[in-house]
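# Residue-level structural notes
If you want the building blocks of each chain, they are given just below.
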Amino acid sequence: MSMAGRFLGGAQDRLLPAAIPFRFFVTAAVFHLLAWMVLLLAADEVAGFRGGTGPVLAAIHLLTLGTLAMTAIGASLQLFPVVTRRALTRNWPGHFSYALMLPGVALLSWGMALHQTTAMQLGAGLTCCGLLVFVALTANNLRRASSIPVVAAHGWLALATLFVAALLGVLMIWGIELNILSNRSGLAITHLTLASYGFMGSLVLGLSLVLIPMFVLSRSLPPNPGWAQLGLTALALLVFSISFVSEFPGLIWLALIAGFGGTGFYLWQMAKILRSSMRKRLGLPFVLIRASWGFLILTLLLVTAYLAGLAIPNAVSLIGFVLLAGWLLTFLCGVLHRIMPFLASMHAAGKSGLPPLLSDLTAEGPLMLHAVCHFSAVTLCGIGIVADQSLLIRIGSALGVVGAAGFATFAIIVALKVRQGPRTS
Amino acid sequence: MAADGLHVDTRGLPPPDPLVAVLWHITQPERNGPVIAHFDRDPVYLLPELAERGWSYEYGAPDSDEVRLTLRPAP
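The rules behind each value
Residues numbered from 1 in each chain as written. Chains lettered and ligands numbered in written order. Predicted model: local features only at pLDDT ≥ 70, side-chain atom pairs only at ≥ 80, totals over all residues. Helix = DSSP H or I, 4+ residues; strand = E, 2+ residues; numbered from the N terminus. Rg over C-alpha atoms; globule rule 2.2 N^0.38 Å. Buried ≥ 20, exposed ≤ 12 C-beta atoms within 10 Å, placed from the backbone. Contact = placed C-beta atoms within 7 Å. Pairing = 2+ DSSP bridges. Right-handed = clockwise from strand over helix to strand, strands pointing away. pLDDT = per-residue confidence, 0-100. Axes fitted to C-alpha atoms, helices over the stretch in contact; angles between N-to-C directions. Parallel < 35°, antiparallel > 145°, perpendicular 65-115°, else oblique. Expected span 1.5 Å × (residues − 1). Core = buried A, V, L, I, M, F, W, Y, C linked by C-beta atoms within 7 Å.

### Digging into the overall build of chain B
Counting its secondary structure elements, chain B contains two helices and four strands. Here chain B has a C-alpha radius of gyration of 11 Å; the compact-globule value for 75 residues is 11 Å, and the two agree. Once the C-alpha set of chain B is aligned to its principal axes, its extents read approximately 30 × 25 × 20 Å. Within chain B, buried positions represent 37% of all 75 residues. Across chain B, contacts joining residues at least 24 apart in sequence account for 60% of those joining residues at least 6 apart.

### Remarks on the overall build of chain A
Within chain A one finds 15 helices and one strand. Expressed as a percentage of the 425 residues in chain A, the buried residues total 56%. Within chain A, contacts between residues separated by at least 24 positions form 76% of all contacts whose residues are at least 6 apart in sequence.

### Things to note about the pairing of strand S2 (residues 35-39) of chain B
All names here are of chain B. The alternating pattern of S2 places Val35, Ala37 and Phe39 on a buried face, while none of Ile36 and His38, on the opposite face, is buried. Where strand S1 (residues 6-9) meets S2, four bridges bridge the pair, whose relative direction is parallel. Residue pairing across strands places aspartate 9 opposite histidine 38, the latter belonging to S2. Where the polypeptide runs from S1 across helix H1 (residues 17-26) and back to S2, its parallel neighbour, the crossover connection is right-handed. Of the strand pairs in this sheet, S2 and strand S4 (residues 67-73) are connected by five bridges, and their pairing is antiparallel. Bridging across to S4, valine 35 finds its partner in leucine 71.

### A closer look at the confidence of the model for chain B
In the predicted model, chain B carries a mean pLDDT of 85, and the fraction of residues at 70 or more is 99%. This complex was scored by the predictor with a pTM of 0.91 and an ipTM of 0.86.

### Regarding the packing of helix H12 (residues 315-348) of chain A against helix H14 (residues 364-387) of chain A
Residues and elements named next belong to chain A. The geometry of H12 relative to H14 is characterised by a closest axis approach of 10 Å and an angle of 170° between their N-to-C directions. In terms of orientation, H12 and H14 fall into the roughly antiparallel class. Each of Ser317, Leu318, Phe321, Val322, Ala325, Gly326, Thr330, Cys333 and His337 in H12 lies in contact with H14, whose residues at this interface are Leu367, His370, His374, Val378, Cys381, Gly382, Ile385 and Val386.

### With respect to the environment of serine 64 of chain B
For serine 64 of chain B, the location among the structural elements is in the loop between strand S3 (55-59) and S4. For serine 64 of chain B, a count of 7 C-beta atoms within 10 Å translates into the label exposed.

### Some remarks on the confidence of the model for chain A
Residues of chain A with pLDDT of at least 70 account for 92%, and the chain-wide mean is 89. The low-confidence segment residues 1-12 of chain A (pLDDT under 50) makes 35 contacts with residues lying over four places distant or belonging to another chain.

### Some thoughts on unusual backbone geometry
Following proline 15 of chain B, the chain continues to proline 16 of chain B via a peptide bond in cis, the omega torsion being 5°. Secondary-structure assignment places proline 16 of chain B in the loop between S1 and H1. Not every positive phi belongs to a glycine, and histidine 115 of chain A is a case in point at roughly 55°. Tracing the backbone shows histidine 115 of chain A in the loop between helix H5 (92-113) and helix H6 (117-143). Residue class for histidine 115 of chain A comes out partly exposed when judged on the 14 C-beta atoms lying within 10 Å of it. You will see that asparagine 314 of chain A, though not glycine, has its phi angle at about 50°, which is positive. By the secondary structure assignment, asparagine 314 of chain A is in the loop between helix H11 (283-307) and H12. Looking at asparagine 314 of chain A, the number of C-beta atoms within 10 Å reads 19, which means it is partly exposed.

### Some points on H1 of chain B
For H1 of chain B, the complete set of buried residues consists of Pro18, Leu19, Val20, Val22 and Ile26 of chain B. Where H1 of chain B is buried, its residues meet helix H8 (184-216) of chain A together with S1, S2, helix H2 (46-52), S3 and S4 of chain B.

### A closer look at H5 of chain A
Its 22 residues place the ends of H5 of chain A 32 Å apart at the C-alpha level, agreeing with the 32 Å of an ideal helix rising 1.5 Å per residue. Remark: histidine 115 of chain A follows H5 of chain A within two positions and exhibits a positive phi of approximately 55°.

### Describing the environment of threonine 27 of chain A
As for its placement among the helices and strands, threonine 27 of chain A is situated in helix H2 (residues 19-41). Filtering out sequence-adjacent residues up to four positions away, threonine 27 of chain A remains in contact with Met70 and Leu102 of chain A.

### Points about the environment of arginine 338 of chain A
Structurally, arginine 338 of chain A can be placed in helix H12. Considering only alpha carbons, one finds arginine 338 of chain A and tryptophan 227 of chain A, 111 residues apart in sequence, at a separation of 27 Å.

### Some details on the nonpolar core
Residue and element names in this part refer to chain A. Formed by 172 residues in total, the largest nonpolar core has its most connected members in Ala35, Val38, Leu39, Val46, Ala59 and Leu328. Per-element tally for this core: the top contributor is H12, with 22 residues. Once residues within four sequence positions are removed from consideration, alanine 59 is found in contact with Ala35, Val38, Leu39 and Ala42.

As structure tokens, this is what we get:
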């Protein structure tokens, strides 16, 4: 608990112990590094990947569950109590969720890489239990929310889609053993869509309504565009899922139109926030965040082109890569660049005086290395997938490894500074 | 402005408006004296921003209705 929190005590304190969010963030940085390393080893299989177990699937889950979900859980546990004005009732579920997720994701990825069904089943079980604890904890907080209902509603959509995506994931893993699945590729695409656009996307869209104005120092926006963004996103996810279950492909165009609509409302609000920013220099985090918005548009354009029958080589791999490494990973890294030193400063703050400067709590060199290598990696891998050139994917993945190592260095430096403890003033 | 300084009451505002309102007031060119900011939650996200602008803070006595911070330019 921060000094300020201890001083204020009780329900006023909505700042979690630093160990909870930072444990998730540092672990996400390590899984991020592992994801690029496995992709480097599997570079020959990336362009032609169409599903199935193996190292590419392992790299995908090291990225989605290990990096994106870990970051999302750490950030949600920290931010939702602030947004909802309701403190988490207990801290132990956060630790418990982490204790289940860490071995779960490691075991699941290991099993996927080596085609070990038992390891996958055990890993999926542990991961789902960890996610369930997170869902229960967040749902309990959202249920008591009294502030910013539009952000809380995005949280509900994220939890609902996470639940269905996890269920489909478990079904597919058990289906390997039981051989009961007829439309396996349809289930896999629905699982990916609900996990990425659904769970992660809803959190990104919802928390952006608070985080982006906070980062750039801009007033909050009226709620109606946020509700429109949420409604269209929910419609897109629902119609997309129905189109795959009912095998009625025409519906997918309706889902796509709704997806473009939701994205349009989101980006319009982000542009409005940036225009009224009080902060003139937004720095490296916003180079990443702005680029991620470009990747979001690119994924939707690629899906449109693919559905329209345009001959894009290895389109499925390319869309998945741009979606996960382009949009979501770039956005989350941009947010972590900014929020980790910020949280460290908050946790070091005393009941009076001056907390440490953000510039004293960050690591500019490793962050710059990460940003340069990340953009190079995404670009080279993307070109490599389209051109079916394993060498380009290998070089890109190697740069991804270097960038992820830079990011992990930054995360560890900040975490060590937090461990030094709060000021005594 | 009250005798003890400028009071900025942010209670009832959604996040991040309290943060933005207080920072707007302390960055006005003529603002040198104390600012007493009233919040309905612990403004933890404000503290790093104050440090960046060279303003110190001091929490007021605990109150069930509000959190009060007195802000001054750091010496």
